[in-house]
Amino acid sequence: MMSASGISCGPLVGGVIGARKPVYDIWGNTVNEASRMESTGKIRRIQVTNHAQQLLRNRFELKYRGHVAVKGKGMMETWWVLGRKVTYTDRKLYADPEDKVGYVLLD
Ligand SMILES: Nc1ncnc2c1ncn2[C@@H]1O[C@H](COP(=O)(O)OP(=O)(O)OP(=O)(O)O)[C@@H](O)[C@H]1O
């Protein structure tokens, strides 16, 4: 199965609604943004908001996408998540022991 993914970070409200058939759901601007990151993204890519990128950038390799038109929000700056950053302690993942920093591509 091929899918696009989106991530946003921020406040939201979660809870169970329904008496006969209770379901847990989440609501808020953050949820809508995450959904828009998915719907304006690309297959096999992870698109994230500015706030999410700030929280991820120390541990993940990101690439600036630019301004994206988002329904209900206007233009938003977004980033692609390329993969996890590999640190010195992860060097065993590399054949070259001197290759101290790199990243693992997701695709
Ligand atoms: N709890 C949730 N789980 C998954 N997706 C959600 C959730 N809440 C909102 N969304 C999705 O976030 C998007 C933005 O929500 P919004 O309230 O702006 O809807 P809308 O303006 O009617 O958008 P659309 O035209 O996409 O239906 C919608 O596509 C909606 O399906």
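Residues numbered from 1 in each chain as written. Predicted model: local features only at pLDDT ≥ 70, side-chain atom pairs only at ≥ 80, totals over all residues. Heavy atoms only, no water.

Going by the annotation in an unreviewed UniProt entry, the name recorded for the protein is adenylate cyclase, with Mythimna separata given as the source organism. Checking UniProt for the protein, the heading Sequence similarities (unreviewed entry) contains the comment "Belongs to the adenylyl cyclase class-4/guanylyl cyclase family." Of the comments in the UniProt record for the protein, the one headed Subcellular location (unreviewed entry) reads "Membrane". (UniProt positions renumbered as here; feature names shortened; annotations may be inferred.)

S.K.: How should the pairing of strand β5 (residues 60–70) be read in this particular structure?
M.R.: For a regular strand, side-chain orientation follows a simple rule: the groups alternate between the two sheet faces. Note: β5 against strand β6 (residues 74–86), 10 bridges, orientation antiparallel. Along β6, the bridge assignment pairs H67 with E77. (Pairing = 2+ DSSP bridges. Helix = DSSP H or I, 4+ residues; strand = E, 2+ residues; numbered from the N terminus.)

S.K.: Is there a simple way to think about the site of the ligand in this case?
M.R.: The immediate surroundings of the ligand are formed by D25, I26, V31, N32, S35, R36 and K71. Between a nitrogen atom of the ligand and a main-chain N or O atom of I26, the distance comes to 2.7 Å. In the model, an oxygen atom of the ligand is placed 3.3 Å from a nitrogen or oxygen of the N32 side chain. When isolated, the ligand has an accessible area of 600 Å², and the protein chains bury 43% of it. Mapped by element, the contributors of at least two residues to the shell around the ligand are β3 (23–27) and α1 (29–39). With 4 residues, the single largest contributor to the shell around the ligand is α1. Broken down by class, the residue content of the shell around the ligand amounts to 2 nonpolar, 2 polar and 3 charged. (Near = heavy atom within 4 Å. Polar contact = N/O pair within 3.5 Å; in protein donor to acceptor, adjacent residues only side chain to side chain. Areas by Shrake-Rupley, 256 points an atom, 1.4 Å probe, with all protein chains shown as cover. Nonpolar A, V, L, I, M, F, W, Y, C, P; charged D, E, K, R; others polar.)

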